[in-house]
Amino acid sequence: MKILIEMVLVLPMLAFVSPLAAKGGQPVNLEYAGYGYDTSFEMEPDGFPANLTHARGKGTFGNSTVAITVEFYFDESQAVNCPEGYDLPFGVVPNNMWAFTITAANHDQVYGLFNTGYLCMTADHLHWVGETQGFYVGGTGKYVDASGEWTSSFQGMNLEPVTGFRSITGEVRGTLNGD
């Protein structure tokens, strides 16, 4: 009987403590898919303007939406990251903090910033793969104090060259603190 009473007392305590322990660093796993297009803005005047991506996600934040801004520039030093057949190396334009917003299923948002990463494109400019890394900088609702680090790997296909319309699929992995 004593063991039963102890179990009855301990289980509710564990249910209370587990979410608090998770605040020290919740793993983030988010898969996303969507589309993007070029803007009229170029920080690096090389014909590859900043772009905006809209995607739907699933994972840590439930069914969510993702918005991403970034500009890449031709950067030979990134060739070491490119898989075979992806001959055009690009880096994230580093003199700006690019951003993304994840809007969770309950409409709370988490914000991320980054200025590192790469993109590798095929010689025909059709297919691309890449990766970016950054950190969380707060949000709204339960993510107001969010911090932590993330990495996103992605791939896609350029579909229409006039507006830079493209497809994208990817994933975000990392750790979210303070949620």
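Computed from a prediction, not measured in an experiment: that's the story for all the values here.

Analysis parameters
Residues numbered from 1 in each chain as written. Predicted model: local features only at pLDDT ≥ 70, side-chain atom pairs only at ≥ 80, totals over all residues. Heavy atoms only, no water. Patch = residues over 30% accessible without salt bridge, like charges linked within 9 Å, V, L, I, M, F, W, Y side chains within 5 Å. Areas by Shrake-Rupley, 256 points an atom, 1.4 Å probe, with all protein chains shown as cover. Salt bridge = Lys/Arg side-chain N within 4 Å of Asp/Glu carboxyl O. Helix = DSSP H or I, 4+ residues; strand = E, 2+ residues; numbered from the N terminus. Buried < 20%, exposed > 50% of the residue type's maximum accessible area, 1.4 Å probe, protein only. Phe/Tyr/Trp six-rings, centres within 6.5 Å; stacked < 30°, edge-to-face > 60°. Pairing = 2+ DSSP bridges. Core = buried A, V, L, I, M, F, W, Y, C linked by side-chain atoms within 4.5 Å. Contact = heavy atoms within 4.5 Å. Polar contact = N/O pair within 3.5 Å; in protein donor to acceptor, adjacent residues only side chain to side chain.

Undergrad: Talk me through a nonpolar patch on the surface; I want residue IDs and the actual numbers.
TA: A surface patch of nonpolar side chains, amounting to about 270 Å² of accessible area, comprises Tyr 35, Leu 159 and Phe 165. Relative to the assigned elements, Leu 159 resides in strand E9 (residues 147–160). Looking at Leu 159, the relative accessible area reads 47%, which means it is partly exposed.

Undergrad: Would you mind going over the packing of aromatic side chains in detail, with residue names and values included?
TA: Evaluation of the coordinates by the stated rule reveals 9 aromatic pairs. With centroids separated by 6.3 Å and ring planes inclined at 70°, the aromatic side chains of Phe 100 and Tyr 136 adopt a geometry described as edge-to-face. Of the two residues, Phe 100 sits in strand E6 (residues 98–103) while Tyr 136 sits in strand E8 (residues 127–139), which places them 36 residues apart along the sequence. Side by side, Phe 100 and Tyr 136 carry an identical accessibility label, which is buried. Site record: aromatic cluster; members linked through ring pairs are Phe 100, Phe 114, Tyr 136 and Trp 150.

Undergrad: Talk me through the pairing of strand E1 (residues 26–38); I want residue IDs and the actual numbers.
TA: Both faces of the sheet carry side chains from a regular strand, because those side chains alternate between them. Sheet topology places E1 next to strand E10 (residues 165–177); 11 bridges connect them, and they run antiparallel. Along E10, the bridge assignment pairs Gly 36 with Arg 166. As judged from the 9 bridges shared by E1 and strand E2 (residues 51–59), these two strands associate in the antiparallel manner. Opposite Leu 30, over in E2, you have Gly 59 as the bridge partner.

Undergrad: Describe the nonpolar core, listing the residues and the values that go with them.
TA: Residues Tyr 32, Phe 61, Val 110, Tyr 136 and Leu 176 are the most contacted members of the largest nonpolar core, which totals 30 residues. Listing elements by their share of this core, those giving two or more residues are E1, strand E3 (64–70), strand E5 (88–92), E6, strand E7 (109–121), E8, E9 and E10. The biggest single contributor to this core is E7, with 4 residues. When near neighbours in sequence (up to four residues on either side) are disregarded, Val 110 contacts Phe 61, Phe 100, Thr 101, Ile 102, Tyr 136, Gly 138, Gly 139, Tyr 143, Ala 146 and Leu 176.

Undergrad: Describe the pattern of salt bridges, and please don't skip the residues or the numbers.
TA: Under the counting rule described, the total for this entry stands at 2 salt bridges. With a shortest N-O distance of 2.6 Å, Arg 166 and Asp 38 are connected by a salt bridge. On the criterion of sequence distance, the pair formed by Arg 166 in strand E10 and Asp 38 in strand E1 is long-range, its members being 128 residues apart. The class of Arg 166 is buried, set by a relative accessible area of 10%.

Undergrad: Please set out the side chain of Arg 166 residue by residue, giving values where relevant.
TA: Reaching out from Arg 166, the side chain makes a polar contact with the side chain of Asp 38 at a distance of 2.6 Å. Setting aside residues up to four positions removed in sequence, Arg 166 forms contacts with Gly 34, Tyr 35, Gly 36, Tyr 37, Asp 38, Asn 51, Trp 128, Met 157, Asn 158 and Leu 159.

Undergrad: Go over the environment of Phe 154 with me, naming the residues and quoting the values.
TA: Positionally, Phe 154 belongs in strand E9. Owing to a relative accessible area of 8%, Phe 154 belongs among the buried residues under this scheme. The spacing of Phe 154 and Gly 170 is 16 residues in sequence and 3.9 Å in space, taken between C-alpha atoms. Ignoring sequence-local partners within four residues, the contact set of Phe 154 consists of Tyr 32, Phe 72, Tyr 118, Leu 119, Trp 128, Val 129, Gly 130, Glu 131, Thr 132, Ile 168, Thr 169 and Gly 170.

Undergrad: Outline the side chain of Asn 158, listing residues and values.
TA: Tracing the backbone through its elements, the reader meets Asn 158 in strand E9. Polar contacts involving the side chain of Asn 158 include one to the main-chain carbonyl oxygen of His 125, which spans 2.7 Å.

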